[in-house]
Amino acid sequence: MLTTLADILRGCEPGRVQSVGLMQVLPLLSTEETGPVTSPKALTVGTSHYGTLLFENPLNEVAIVPRDAGFLTGKSSQDHAMPVVGIIPGGMTRKFENAACIQETTGGMIKGKFEMIILPFLLREAALMTRERQEYSKLWNVIKRFNTAMGLRSSGHVDVFLNAFSSQLDQFVAEFEPVPRQVGAIFLVNGHVVGIERVPTYEYWLEIWQPLVRVCYGSLALYMRKHVENIPDTRVPLGQDFDDLAGLEEALRQATEGEDESAKAIVRELMQEPLEEKVETGVDGDVVSSLVSPHFAGQIVRRAGLVIYASILATQARLRQERSAVKAFAL
Amino acid sequence: MELTVIEKKLAHIPNHREVGGLLCRFIDTVATATARGSFYNTKEELQRAVEEVHAAVFSIDRGLYTVLLAFPSVMDYSRQIGVARLLSNPRDSKLAFLDAVQEKRGIHYLAHELPIQRRLKMFEMLANRRVNNARTRKLILRSILNDPKLTWHALKYRGKLKRALVHAWGVKTASTVKVVLKNVRAKENAYGRASPVERAILTKNILAQGYFNFNQDVADAILFILGSKEVEGASFKAYYDSNHDFDALALLPPEVAEGKRSTYHPDRTPADVLELTKDKLTSGQQMTVQRSAKEKGVKVDFDPRKYDAVKLYIYAHEMGMTPEIKAALHTRAIEGARALPASFGKAVIVLDMSKSMLGHKTQKYRPMAIGLALSDLIRAASDSFYMLSDIYPVVEEEPRGHTALAKMLLDAVRDEGADHVFIITDGYENAPAGRVDEVVAGLRKIGNMTPITQITPVMASEVFGTRALSPAVPVLPVTSPAAFGLALVKNLLETDLVAGVKALMNVVSPKMLGGV
């Protein structure tokens, strides 16, 4: 079945673009009622053996574990990540056998509540591609290449990257801010759309905001910063054609509207992009589907036909195509 | 101190402009840094950065370093590590801005400006760094033994006091003192009946360090601190009796009583303890327990006149604004404005109400509270006043959303005709980043020179100084409305070291050196 980004974002309206450096964030706002959802924070997370993740949902509402959620134990047990969206019925425990270890040489099972990240952007396509494989070590080589690309030692540990770039990532997440009614965002790097994220509620967004922006998109911005120096074309500087306060005000208005419009125009171009939607699983009326196109890949959750969760990223192929002047990240 | 004297004292410092810049950076740091993490930086990063800038200023002149730390509104954290640094490093023969006697007074002043719990933390810092010279021992012993609230503090901070005393006396001497005090107590607590050896030990280790007459309360407190159960004071007896007598908790500090309840009286509730000890709550505790007291149905008196404006705004955000709090805030602003060295004509405040102004989880709402308290202060120090913000800044509102300050800055200049614009922000602009800088450049290009100052509340900033919206706008990091006065000193230091130090001494000298 074919769908479009316009369909996926139905019920949302764009907010005002936030721009810092190469990154721009177009907030998606909504007050649509999506029905109750348990957010990841409420879940107890555990492993029964390497490559599994168990989620215990103590509340009555269905829980949605975001795609590529990683859980950092911060101690001598192994960090794990989900390569897919997870649906956990209310009051139930659900086990995923296709999880991935993201700490190559650390052993130990986990159970409890842990810091959640969303995997670095450049690992997420590989994670999605391996979602059906039950092999705990499936991401180690990709993580190694990612660490090397970031100038670190070749290591199958995501925490090596997180520790090395901790302060830069903190700085990055501080640059952007969630806005009222926000339930998602379209992320642009260097003037190109790299990710579309949507969640059921504002409260859920506040919870996922930091993991998503800090690690997933922050890591991409850090990578891009190594290769791109100029600010993107979607950034509009203040014009200089004024000689009084009224002229300055007009120049500011034009720059503000111009910047907002130029980012939105890029997004608008993509709204009718066809995406192949394939239903993968369904729990209690919430249906998880994968989405594929030459340019984007990801997963969505539909409830009564309406999209309540989406995480769709630009493919490596698209990134390479749009950054022809930039050395491609090879996985 | 006359200007000429200051000039002489600063003669050994070669590059005044460079040093002035460093001192400004130091002021930025000591006015903002705490031992906690911020919204943006970890605790370790902050500690490392603070230590570096301290070391740099200390290496220029330890006297100047002492004076800077004594300036009002310097954070306790910087004073703690400053005193530790001064005591860790012996004075050498080089010229210093303060002589040995002045420095001694300075160290004493800095240490005693710290609240007791932070002073004890500093003693712990000295013990961990193995700083045990004569100056350190004297400071610790005199501070503890002369404490007029020693009994109360012994009950509250027994472990920390013991570590400090043992560090100052040494394990062997501490043990000897304990034995001698027990013996003296056995002789009906009569110092006169002590043997010559006992008297010599008490004189050397207690009387010579303090300026009090030997009395039972102090002897009891020392014995209690050192772990003796053979103590007579009612509070100390209550400490032990409360293990089996719930009512004895009434004589203990509330937090100690609550600890005892949870261990020895698990069948009783925290509300029972609160009811028993509510008269002993400090004014700070009275504020912090309001919510739990309300939930537990216990009425605890709260007098807003006793609190500073920042605490009141945090409290009002949590519990709701009342006419009494408003009146107290008004009074605080008027008092603060009187102490300011300047007024601002028509002041316009651009208040950043974006999400990051909410602050770190360990100090939630503090940046916003400082911003609101500063707004009141500036309003009180201005002929007329106007505030611009994305969200109407009622205290009950949560900061939220993006940071779009450029338009408001332009409105402040164009529509409000400001004589001075103050932008209260954490410095993180994203709608888009750099727009304020472009607008300031635009204003200057068309000849509009309205003074614009960025005020950044404590720790809503980066490790090194604060994050500037524009290189053309001076940034003033502030921890509280009281720190606002630092702005003038900082500006002077940037341009004229001697004049800046003179302004510094005018504020610091009367308190720290008694006007020397």
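This one's a predicted model, so the numbers in the text were calculated from it and none came from an experiment.

Enquirer: So what exactly am I meant to see when it comes to the overall build of chain A here?
Expert: Looking only at helices and strands, chain A has 8 helices and 20 strands in total. By residue count, 61% of the 331 residues in chain A fall in the buried class. Across chain A, contacts joining residues at least 24 apart in sequence account for 65% of those joining residues at least 6 apart. With the model as given, the accessible surface of chain A reaches about 12,800 Å², and the carbon-plus-sulfur share is 51%.

Enquirer: Explain the interface of chain B and chain A to me, please; I cannot follow it from the model alone.
Expert: On the side of chain A, 32 residues touch chain B, which itself brings 34 residues to the contact. Buried area between chain B and chain A, both sides added, is near 2,700 Å², and the carbon and sulfur share of it is 56%. Interface area lost by chain B to chain A is led by B:R414, B:N430 and B:R435, which between them contribute 21%. Here chain B is connected to chain A by 4 salt bridges. Across the pair B:K407 and A:E249 runs a salt bridge whose closest N-O atoms are separated by 3.8 Å. Run the count over chain B and chain A and you get 15 residue pairs in polar contact (both at pLDDT 80 or more).

Enquirer: Where do I start with the packing of helix α20 (residues 323–338) of chain B against helix α21 (residues 366–380) of chain B in this structure?
Expert: Each packed pair of helices is defined by two parameters, the angle between the axes and the distance between the axes. Residue and element names in this part refer to chain B. Packing of α20 against α21 leaves a shortest axis separation of 8 Å and a crossing angle of 60°. When the interaxial angle is binned, α20 and α21 end up oblique. Crossing geometry of α20 relative to α21 is assigned as right-handed. Two secondary-structure elements touch here, α20 through L329, A333, I334, G336 and A337 and α21 through D376, L377 and A380. A class-by-class count of the residues in the contact of α20 with α21 yields 6 nonpolar, 1 polar and 1 charged.

Enquirer: Help me out: how do you make sense of the packing of aromatic side chains in this one?
Expert: Throughout the structure, instances matching the rule amount to 16 aromatic pairs over all chains. Geometrically, the ring pair formed by A:W205 and A:W209 is tilted, given 5.9 Å between the ring centres and 55° between the ring planes. With a gap of 4 residues between them, A:W205 and A:W209 both fall in helix α6 (residues 202–225), about one helical turn apart. There is no split in this pair, since A:W205 and A:W209 are both buried. Taken together through their ring pairs, the aromatic side chains of B:F224, B:F236, B:Y239 and B:Y240 make up a single cluster.

Enquirer: Whenever I open this one, the environment of B:L181 confuses me. Can you help?
Expert: Residues and elements named next belong to chain B. Relative to the elements of secondary structure, L181 occurs in helix α11 (residues 171–186). Classification of L181 as buried rests on a relative accessible area of 1%. With 35 residues separating them along the chain, L181 and Q216 place their C-alpha atoms 9.9 Å apart.

Enquirer: Sorry, what's going on with the environment of A:T93 here?
Expert: Residue and element names in this part refer to chain A. As for its placement among the helices and strands, T93 is situated in strand β11 (residues 93–96). Note on T93: relative accessible area 47%, which makes it partly exposed. As for T93 and V45, which are separated by 48 residues in sequence, their C-alpha atoms are 9.6 Å apart. Not counting chain neighbours up to four residues away, the residues in contact with T93 comprise L54, F55 and E56.

Enquirer: Explain a nonpolar patch on the surface to me, please; I cannot follow it from the model alone.
Expert: All names here are of chain A. On the surface, Y50, M109 and Y136 cluster together into a nonpolar patch covering about 270 Å² of accessible area. One can find M109 in the loop between β12 (100–101) and β13 (111–112). Under the relative-accessibility criterion, M109 is labelled partly exposed at 37%.

Enquirer: How should the pairing of strand β15 (residues 182–189) of chain A be read in this particular structure?
Expert: The two faces of a sheet get side chains in turn, since along a regular strand they alternate between them. All names here are of chain A. β15 sits mainly inside the fold: 8 of its 8 residues count as buried. Pairing geometry for β15 and strand β16 (residues 192–198), over 6 bridges, is antiparallel. Bridge pairing in β16 links L188 to V193.

Enquirer: Any chance you could explain helix α7 (residues 116–128) of chain B here in plain terms?
Expert: Since one α-helical turn is 3.6 residues long, residues separated by three or four positions face the same way. The first and last C-alpha atoms of α7(B) sit 18 Å apart over 13 residues, in line with the 18 Å expected at 1.5 Å per residue. If you follow the buried residues of α7(B), they end up packed against α5 (76–88), α6 (100–113), α8 (134–145), α9 (150–156) and α10 (158–169) of chain B.

Enquirer: Please explain the sheet that holds strand β9 (residues 80–81) of chain A as it appears in this structure.
Expert: Strands pair in a sheet through their backbones, by hydrogen bonds, and they do so in one of two ways: parallel or antiparallel. Residues and elements named next belong to chain A. The 4 strands lie next to each other as β12-β9-β8-β14, forming an open sheet whose pairing is antiparallel. Among the strands making up the open sheet, the edge pair consists of β12 and β14 (115–118). In terms of strand pairing, strand β8 (residues 69–72) meets β14 through 4 bridges, oriented antiparallel. Paired with G70 across the strands is I117, a residue of β14.

Enquirer: Can you help me understand the side chain of B:D411 in this one?
Expert: Within the element layout of this structure, B:D411 appears in helix α22 (residues 406–414). The exposure class assigned to B:D411 is buried, which follows from its relative accessible area of 13%.

Enquirer: Teacher, can you tell me more about the environment of B:S375 here?
Expert: All names here are of chain B. Along the polypeptide, S375 turns up in helix α21. Overall, S375 belongs to the buried group, its relative accessible area being 1%. For the pair S375 and V350, spaced 25 residues apart in the sequence, the C-alpha separation amounts to 9.5 Å. When sequence neighbours within four positions are dropped, the list of residues in contact with S375 reads I349, F385, M387 and I424. Side-chain polar atoms of S375 contact the backbone oxygen of G371, separated by 2.8 Å.

Cut-offs used in this document
Residues numbered from 1 in each chain as written. Chains lettered and ligands numbered in written order. Predicted model: local features only at pLDDT ≥ 70, side-chain atom pairs only at ≥ 80, totals over all residues. Heavy atoms only, no water. Helix = DSSP H or I, 4+ residues; strand = E, 2+ residues; numbered from the N terminus. Buried < 20%, exposed > 50% of the residue type's maximum accessible area, 1.4 Å probe, protein only. Contact = heavy atoms within 4.5 Å. Areas by Shrake-Rupley, 256 points an atom, 1.4 Å probe, with all protein chains shown as cover. Buried area = accessible area lost by both parts, 1.4 Å probe. Salt bridge = Lys/Arg side-chain N within 4 Å of Asp/Glu carboxyl O. Polar contact = N/O pair within 3.5 Å; in protein donor to acceptor, adjacent residues only side chain to side chain. Axes fitted to C-alpha atoms, helices over the stretch in contact; angles between N-to-C directions. Parallel < 35°, antiparallel > 145°, perpendicular 65-115°, else oblique. Left-handed = near helix turned anticlockwise from the far one by under 90°. Nonpolar A, V, L, I, M, F, W, Y, C, P; charged D, E, K, R; others polar. Phe/Tyr/Trp six-rings, centres within 6.5 Å; stacked < 30°, edge-to-face > 60°. Patch = residues over 30% accessible without salt bridge, like charges linked within 9 Å, V, L, I, M, F, W, Y side chains within 5 Å. Pairing = 2+ DSSP bridges. Expected span 1.5 Å × (residues − 1).

Interpretation note: all reported values are geometric properties and have no functional meaning in isolation.
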